[in-house]
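Okay, here's what each chain looks like letter by letter:
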Amino acid sequence: MPFEFMTFNFCYRLLILSVLATSFHLQASEMAENTDNLFSMSLEELLNIEVETQKVPESFQKVPVSSTLYTHEQIANSHIVDIYDLAEFVPNFSFRPSFGKLLERGVTRGVANITGNNVTGIFIDGLSFSNVVSSISLQDFKYVEVIRGPQATLYGRDTFAGAVNLVSKDPLVNISKELSVTVSDQGFSALTASYGKQYSDSFGIQINLKHKQNAGDYNNETGDGGGNLNQREHQYGHLALSYSMGDFKWRTNAYIFADKDSSFPTVMQSAVQNNCYLETRRQYYCGILNQPKSQGQNNTWLNGQGGLWKDAHLLTSIMNLQLSQQHDVSFNFGLLDNKMSYFVDGDYSDYSFSWIDVENAMQTKEADFKLHSVWNKSLETIIGYTHYEQDTKSKIQSFLDFSGTVSPASDSSSISNVNYSALYVRASYKLSQAQDIILDLRLSQDEIGFVATENSGIKDFNDNKSKITYRHELHTNNFWYISLGEGNKPGGFNVNLYDKEFTDSLDAELVRSYQSFDQEKLWQLESGYKGLSADKSISTKLSAFYTHWQDLQTSQSITFKLANDSVKTESVIANNGKSKNYGIETELIWMPSELTKVWLSYGWVKTSLSEASTAAQFELLGDGDVSGNVVPNVPEHTLAVGINNQFQYNKWSVSPFASFHYESQRFVAEHNLAIVDDISKLRIGINAQRSHWEFSMFAELAQNNGYIESAARLGDPLTFFRLRSFGLTLADKNRFYTRLSYTF
């Protein structure tokens, strides 16, 4: 175990014990009432919660964007813990682990990153920090909003498909004092402690701590070295400070995360199962990938230390100043220091000779300045400037073991950096009492560079993106809208193609043409309706969209001859193909009484991938056609339906809940031959609350226990030893949870 993790572990336990001791010695007069009463709101009040989806305060019900909002109280009552849980409630949004926490990426409205950067950005208080999303507890936030569709004009890079915005609580408004413990039948346990205090009308503080661990869902059956797979330990600390003086408000949040995961529940499907194109050099599997009956990792040479270590420190600060009745300014600033290393069995028990050791260190800085002005009853504007920097150091080592003799197969290190600056403008103009039009524009420069061995490169992507929205209010709490917006995903470099020497000029020209790749682009047309019934018991949200997506970044392989006459094949990222996506989303909430809520969310998307002929496809199919013609890793259907109820029993407030979640089948890779089967899950439970105590029992039951959660066609660096295979990531097994909490 790394020294940094041991130090953090000791300090963390000391801190959590200090908070527990402090909490138990609180006097009754100091016990502030928890102000999170969102569950007691009517449907109308819930829908009119103030959000800043468009970087201006407005009612959620009036935002002309397809989005899903979950408040702190809804997250707690539904036992939503992380981004994976949240995705199961949101239409046309999928977020699945892939190879543990290494390749997890969101898919929104059929737009997925086949390779490269994330396309659904994760924001904390409006600042982009996608790399820590799997380590964050959503229950500590005021609300979480999933915004579908390109958001480049307001949120910038990494919002090609959409954005997830996590908004922190203000200790001057929301504080909590709580202890809780959660256990399950699969060796899972979680301990949380929170303490908040408002020292005056001007200053408040909140501390949240969590320790979570999982004993491991899977036995190491087929690999050597024994042990369990999917063991996880997570530690999390959060400090929030809030200060207000007159027209000035300041809020800062400090987060620390530490993850230690054992070898991932990942299985390499062996070459024997390949059943397509057996006469070609690359053999592929066709049809639905089968759930493995056993799994394992080769841990002997790893000494049981395989897995992932991750340590991150995040600081965000938000300042607001009301200059006058018409103008206010805000300044958001964030720093992230993220270190990660993983050491894994490189072939996932197919053979016993390959290991991979990777170390990453990433530092991110972001600042956003915004001037908001309300000129009159008709015109409202925003002028803002964003600057983002990210530096990443990466070291990758591969090892081979031939008959007990371990030797390094490859060793590479690189430094990459991103410098992004953008000016954005937004103008909202009221055409009449019932109509308004919104114009958004962003001018940006993305500078991407790298340094590897004796080579380096730098490339600028200058871009401008716009969006226009028309909103028409039909009557109170009912309106329809139509919008047309653009998005882009940055390009980059294929660092592995540098430092090559050639004698053939054609080979040299081929390699140079693939040394960098351009950005992806799309535009999307969206129309939607949001309404509340006359009796204010039914909320309806409908939206339809069409997306034109081009210059997709896909994985390819190129073959060339070096100066020493050896033939080399390298995997690269290249712009290849386009897709036309279209679909719908609907979200319904029905509250027949103040104590019963029935809800439904459904998403459907159809993707049409074309002109995506890669070298592998040519080799397999001859004509470069794509069997299936759909974007990989995209579920066509997403569905969630549930019911929440509340009643009194003696002095207990009892709240049973149940929900069903479904994602349809997904193709795995660009050639669209292998399929991950559909996923269906039932979440069911009951919460009981009395005075300061709350007791919960709930379960997560999948139709197939330990199902395949995601899969990837692997670019095999050792092709001469192994036929092309698929890596399968297995989900957590079914669990039954019990939770007990005490609120001071």
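This one's a predicted model, so the numbers in the text were calculated from it and none came from an experiment. (Residues numbered from 1 in each chain as written. Predicted model: local features only at pLDDT ≥ 70, side-chain atom pairs only at ≥ 80, totals over all residues. Heavy atoms only, no water.)

### Side note on the pattern of salt bridges
Threshold: Salt bridge criterion: a side-chain nitrogen from Lys or Arg within 4 Å of a carboxyl oxygen from Asp or Glu. A run of DSSP states H or I qualifies as a helix once it reaches four residues; a run of E qualifies as a strand once it reaches two. Both are numbered from the N-terminal end. Here the term buried applies to any residue with accessible area under 20% of the maximum for its type, exposed to any over 50%, and partly exposed to those in between, with areas from a 1.4 Å probe on protein chains only.
Per the stated rule, a full pass over the model turns up 28 salt bridges. For Lys536, the salt bridge identified is with Glu44, shortest N-O distance 3.1 Å. One end of the pair, Lys536, is in the loop between strand S29 (520-532) and strand S30 (538-550); the other, Glu44, is in helix H2 (residues 43-47), and 492 residues separate them in sequence. With a relative accessible area of 42%, Lys536 lands in the partly exposed category. With a relative accessible area of 23%, Glu44 lands in the partly exposed category. A salt bridge links Glu88 to Arg96; its shortest N-O distance comes to 3.9 Å. For Glu88, a relative accessible area of 11% translates into the label buried. Arg96 sits in the buried class, given a relative accessible area of 9%. Among the charged side chains, a salt-bridge network with shared partners connects Asp85, Glu88, Arg96, Glu663, Lys681, Arg683, Glu700 and Glu709.

### Things to note about the side chain of Ser242
Worth spelling out the cut-off: Within 3.5 Å is the distance limit for a polar contact, defined as a pair of N or O atoms, with the added protein rule that one can donate a hydrogen and the other accept it, and that residues adjacent in sequence qualify only through two side-chain atoms. What makes two residues a contact is simply this: any of their non-hydrogen atoms within 4.5 Å.
Within the secondary structure, Ser242 is located in strand S15 (residues 232-245). Among the polar contacts made by the side chain of Ser242, one reaches the side chain of Asp170 at a distance of 2.6 Å. Every residue in contact with Ser242, bar those within four places of it in the chain, is listed here: Asp170, Pro171, Leu172, Ser202, Phe203, Gly204, Trp250 and Arg251.

### A word on the sheet that holds strand S7 (residues 127-128)
Threshold: Between any two strands, at least two bridges found by DSSP are needed for them to pair.
The mixed open sheet is built from five strands, whose spatial order is S3-S8-S9-S6-S7. Of all the strands in the sheet, just strand S3 (67-71) and S7 have a single pairing partner and so form its edges. Across five bridges, S3 lies against strand S8 (residues 141-148) in antiparallel orientation. From the neighbouring strand, Ser67 faces S8, where its bridge partner is Ile147.

### Topic: the sheet that holds strand S18 (residues 287-288)
What the three strands build is an open sheet, ordered S18-S39-S38; its pairing is mixed. Looking at which strands have only one partner, the edges of the open sheet turn out to be S18 and strand S38 (666-667). Direction of pairing for S38 relative to strand S39 (residues 674-676): antiparallel, over a ladder of two bridges. Paired with Phe667 across the bridge in S39 is Ile675.

### Some thoughts on the environment of Ile675
Its location among the elements puts Ile675 in strand S39. A C-alpha to C-alpha distance of 9.3 Å links Ile675 and Asn290, two positions 385 residues apart in sequence. Leave out the neighbours within four places in its chain, and Ile675 touches Gly287, Ile288, Leu289, Gln665, Arg666, Phe667 and Val668.

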